[in-house]
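A closer look at the structure
Listed below are the residues making up each chain.
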Amino acid sequence: MNRIDPKTLGKVAVLFGGTSAEREISILSGTGVLEALRARGVDAQAFDPAGRDLAELQRDGIARCFVALHGRHGEDGTVQGALELLGIPYTGSGVMASSVAMDKVMTKRIWQADGLPTPKYVRLAFDQQSREQVMAVPDVLGLPLIVKPPREGSSIGVTKVEGYSQMQDAVALSAKYDADVLCEEFIEGQEVTCAVLGSGLDARALPVVRIAAPEGAYDYQNKYFTDDVKYHCPSGLPEAEERAIQQITLAAYRTLGCRGWGRADLMIRASDRKPFLLEMNTSPGMTTHSLVPMSARAAGIAYEDLCLQVLASAALDSGRHA
Ligand SMILES: Nc1ncnc2c1ncn2[C@@H]1O[C@H](COP(=O)(O)OP(=O)(O)O)[C@@H](O)[C@H]1O
Ligand SMILES: [Mg+2]
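All values reported here derive from a predicted model rather than from experimental measurement. (Residues numbered from 1 in each chain as written. Chains lettered and ligands numbered in written order. Predicted model: local features only at pLDDT ≥ 70, side-chain atom pairs only at ≥ 80, totals over all residues. Heavy atoms only, no water.)

1. Description of the site of ligand 1
Under the convention used in this document: Nearness is defined per residue: one heavy atom within 4 Å of the molecule or strand is enough. By the criterion applied in these results, polar contacts are pairs of N or O atoms within 3.5 Å in which, for protein atoms, one can donate a hydrogen and the other can accept it, and in which residues neighboring in sequence qualify only through two side-chain atoms. We get accessible surface area from the Shrake-Rupley algorithm with a probe of 1.4 Å; when it comes to residues, only the shown protein chains can shield them. Numbered from the N terminus, helices here are DSSP runs of H or I no shorter than four residues, and strands are runs of E no shorter than two. Throughout this entry, Asp, Glu, Lys and Arg are counted as charged residues, while Ala, Val, Leu, Ile, Met, Phe, Trp, Tyr, Cys and Pro are counted as nonpolar. The remaining residues, Gly among them, count as polar.
Close to ligand 1 lie 20 residues, the nearest being Lys104, Lys148, Ser155, Glu184 and Glu191. The backbone of Glu152 places a nitrogen or oxygen atom 3.4 Å from an oxygen atom of ligand 1. Protein coverage of the free-state accessible area of ligand 1, which is 540 Å², stands at 97%. For the shell around ligand 1, the secondary structure elements donating two or more residues are strand 5 (145–148), strand 7 (181–185), strand 12 (261–269) and strand 13 (275–281). In terms of residue class, the shell around ligand 1 is made up of 8 nonpolar, 3 polar and 9 charged.

2. Here we look at empty space enclosed by the protein
To keep it simple, the criterion reads: The rule is simple: put a 1 Å grid over the protein atoms alone, call a set of points where a 1.4 Å probe fits but cannot get out a cavity, call an open set with protein on both sides within 12 Å along at least five of seven lines a pocket, and count a residue as lining if it has an atom within 4 Å of a point. Grid points are joined across faces, edges and corners, and a volume is the space filled by probe spheres set on the points.
Within the structure shown, the criterion is met by 1 cavity of 30 Å³ or more. Taken as a whole, the largest cavity spans an internal volume of roughly 40 Å³.

3. Examining the environment of Gly30
Stated formally: Whether two residues are in contact is decided by their heavy atoms: any pair within 4.5 Å suffices.
Its place among the elements puts Gly30 in helix 1 (residues 23–39). For the pair formed by Gly30 and Val14, sequence separation is 16 residues and the distance between their alpha carbons is 6.4 Å. When residues no more than four places from it in sequence are discounted, the contact partners of Gly30 are Val14, Phe16 and Ala68.

4. Notes on the state of the cysteines
As a reminder, the rule being used: Two cysteine sulfur atoms make up a disulfide if the distance between them is within 2.5 Å.
Enumeration over the complete set of coordinates arrives at 0 disulfides. Here Cys65 stays free of any disulfide, with the sulfur of Cys307 as its closest cysteine sulfur at 15 Å.

5. Thoughts on the pattern of salt bridges
What counts is decided by this rule: Throughout this description, the term salt bridge denotes a Lys or Arg side-chain nitrogen within 4 Å of a carboxyl oxygen of Asp or Glu. Each residue is placed in one exposure class: buried if its accessible area under a 1.4 Å probe, protein chains only, is under 20% of its type's maximum, exposed if it is over 50%, and partly exposed if it falls in between.
All told, the structure shown has 18 salt bridges when counted by the stated rule. Of the charged contacts, one joins Asp60 and Arg52 as a salt bridge, the two residues approaching to 3.6 Å between their closest N and O atoms. On the accessibility criterion, Asp60 (29% relative accessible area) is partly exposed. A salt bridge links Arg243 to Glu239; the nearest nitrogen and oxygen atoms lie 2.9 Å apart. Here the residue Arg243 and the residue Glu239 both occupy positions in helix 9 (residues 239–256), the gap between them amounting to 4 residues, near one helical turn. For Arg243, a relative accessible area of 41% corresponds to the partly exposed category. For Glu239, a relative accessible area of 52% gives the class exposed. Put simply, Asp103, Arg123, Arg151, Asp178 and Asp180 are held in one network by salt bridges that share partners.

6. Structural notes on the pairing of strand 10 (residues 209–212)
Put simply, the test is: At least two DSSP bridges between two strands are needed for those strands to be called paired.
On strand 10, burial follows the alternation: Val209 and Ile211 on one face are buried, whereas Arg210 and Ala212 on the facing-out side are not. The pairing of strand 8 (residues 189–197) with strand 10 spans 3 bridges and is classified as antiparallel. Across the sheet, residue Val192 finds its bridge partner in strand 10, namely Arg210. Pairing of strand 10 with strand 11 (residues 230–232) involves 3 bridges; the strand directions are antiparallel. Bridging from a neighbouring strand, Ala212 pairs with Lys230 of strand 11.

Right, dumping it as structure tokens:
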């Protein structure tokens, strides 16, 4: 990596907080990023779009934004669109890649069209959730299966369904967060996540992180607030598997048109070691304990340098860089 001179980056706003269900995590991410950028000599300030008008960024002479928002109105293309209109370069994916990646069904359609592996699924649109339609899903996907809201994150509203009797509750829970519901074949195996840094031909995958969660620990509480989940990086996977995960992740990132940085979640099926893509996160967690920073550290990139590198990649869809 070329040395980045913080003084050339101008006045920076770190966007965090926001109004999504992931506000709490975003505040942790943004606070970490802000401190790191300041520690590296960047003229950075906090900006919470929940309480302020984005147009203030322009009035305040902000040269670029670090988007540390998660979820809706943060990583779904809306804030990105607003920044496009204001002409302020921002970190991470542009409008289309952000909004496609926010929707797990849209993402899967693109991956499938490109021959990338992702679990079989059934989408139950808001008007396709009669008892009969819900009960027909296990016939198609088998059991167990996963029920989740397609446009939520942080494992919110996710259920592992073991039997027909759980189907309706699982759909009702998911529908609290998103009217449409995504049902997915359950992949029994190891969970991994793989980060990408860079854009276009310069994009490269970071070391894979292996996640070891106790059986059934898919919920928000477990993921963020307990010590039950263990993260391993280096992953300890065989070299060829590590490479394969990185290649699939890069292909998944490129086909969605992602830029700057991102992180794919995958499952490796225990029976045949085949990897399956679950989703692409275009504004991943960025606390000092988050997975992208963990993976970057394994690649020799300190947290502060990671923040600086992501910031330096801020751009606009029109191709104009800061
Ligand atoms: N098809 C699946 N098979 C097995 N586990 C899954 C599947 N889909 C989701 N999970 C589990 O649920 C978690 C959350 O799902 P994910 O698709 O990554 O959504 P998000 O992180 O946005 O909530 C995953 O990290 C994984 O542990
Ligand atoms: Mg995930």
